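Structural overview for review
Okay, here's what each chain looks like letter by letter:
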Amino acid sequence: MANIERGSCRFKAIQGTDGKFVIRMEMFHQTVPQLKDVTVDFELLNGTTLDQARKLAESMNDRVTGVLITKP
């Protein structure tokens, strides 16, 4: 049986280290040990503007309630 860990999160649009915009997932609490010391960014298509990235992050925050990590 798989072990599922859950945590609540939010998303922010930021400029990545390469200058492109990314969506960063931030955990509200450290309830998922596997994510304690990691950064999770979602790459966006080339040409995505900051305004588009912000709208996408806002939409994700409106619809995503958390993250699930499944371990076998």
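What comes next concerns the included structure. (Residues numbered from 1 in each chain as written. Predicted model: local features only at pLDDT ≥ 70, side-chain atom pairs only at ≥ 80, totals over all residues. Heavy atoms only, no water.)

1. Some points on helix 1 (residues 50-63)
Helix length check: helix 1, at 14 residues, gives a terminal C-alpha distance of 20 Å against a target of 20 Å (1.5 Å per residue), a fit within 8%. Buried residues in helix 1 make contact with strand 2 (9-15) and strand 3 (21-27). (Helix = DSSP H or I, 4+ residues; strand = E, 2+ residues; numbered from the N terminus. Expected span 1.5 Å × (residues − 1). Contact = heavy atoms within 4.5 Å.)

2. Considerations on the side chain of Glu5
Within the fold, Glu5 resides in strand 1 (residues 3-7). Judged by its relative accessible area of 16%, Glu5 falls in the buried class. Separated by 3.4 Å, the side chains of Glu5 and Lys71 make a polar contact. Ignoring any residue separated from it by four or fewer positions in sequence, one finds Glu5 in contact with Thr31, Val32, Pro33, Gln34, Val67, Leu68, Ile69 and Lys71. (Buried < 20%, exposed > 50% of the residue type's maximum accessible area, 1.4 Å probe, protein only. Polar contact = N/O pair within 3.5 Å; in protein donor to acceptor, adjacent residues only side chain to side chain.)

3. Concerning the sheet that holds strand 4 (residues 40-43)
Taking strand neighbours across the sheet as the criterion, the three strands line up as 2-3-4 in an open arrangement whose pairing is antiparallel. The open sheet is flanked by strand 2 and strand 4, the only strands paired with a single partner. Strand-to-strand twist of the sheet, defined as the mean angle between neighbouring strand axes without regard to direction, takes the value 30 degrees. Bridge count between strand 3 and strand 4: four bridges; the pairing is antiparallel. Directly across from Arg24, in strand 4, lies its bridge partner Asp41. Most of the contacts of helix 1 go to strand 2, to which it runs at about 175 degrees, and overall it touches strand 2 and strand 3. (Pairing = 2+ DSSP bridges. Axes fitted to C-alpha atoms, helices over the stretch in contact; angles between N-to-C directions.)

4. Looking at the environment of Gly16
Along the chain, the position of Gly16 falls in the loop between strand 2 and strand 3. Gly16 sits in the buried class, given a relative accessible area of 18%. Residues Gly16 and Asn61 lie 45 residues apart in sequence; the distance between their C-alpha atoms is 19 Å. If we skip the residues at most four places from it in the chain, Gly16 touches Phe21 and Val22.

5. Brief notes about the pattern of salt bridges
Close approach of charged atoms allows side chains with opposite charge to pair. The final tally for this structure, using the stated rule, is five salt bridges. A salt bridge links Arg10 to Glu26, with the nearest nitrogen and oxygen atoms 2.8 Å apart. A residue pair is termed long-range when its members are at least 10 positions apart, and Arg10 in strand 2 and Glu26 in strand 3 qualify at 16 residues. By relative accessible area, Arg10 is classed as partly exposed at 37%. Across the pair Lys12 and Glu26 runs a salt bridge, and its minimum N-O distance is 4.0 Å. Placement of the pair is Lys12 in strand 2 and Glu26 in strand 3, with a sequence separation of 14 residues. Residues joined by salt bridges that share partners form a network here, namely Arg10, Lys12 and Glu26. (Salt bridge = Lys/Arg side-chain N within 4 Å of Asp/Glu carboxyl O.)

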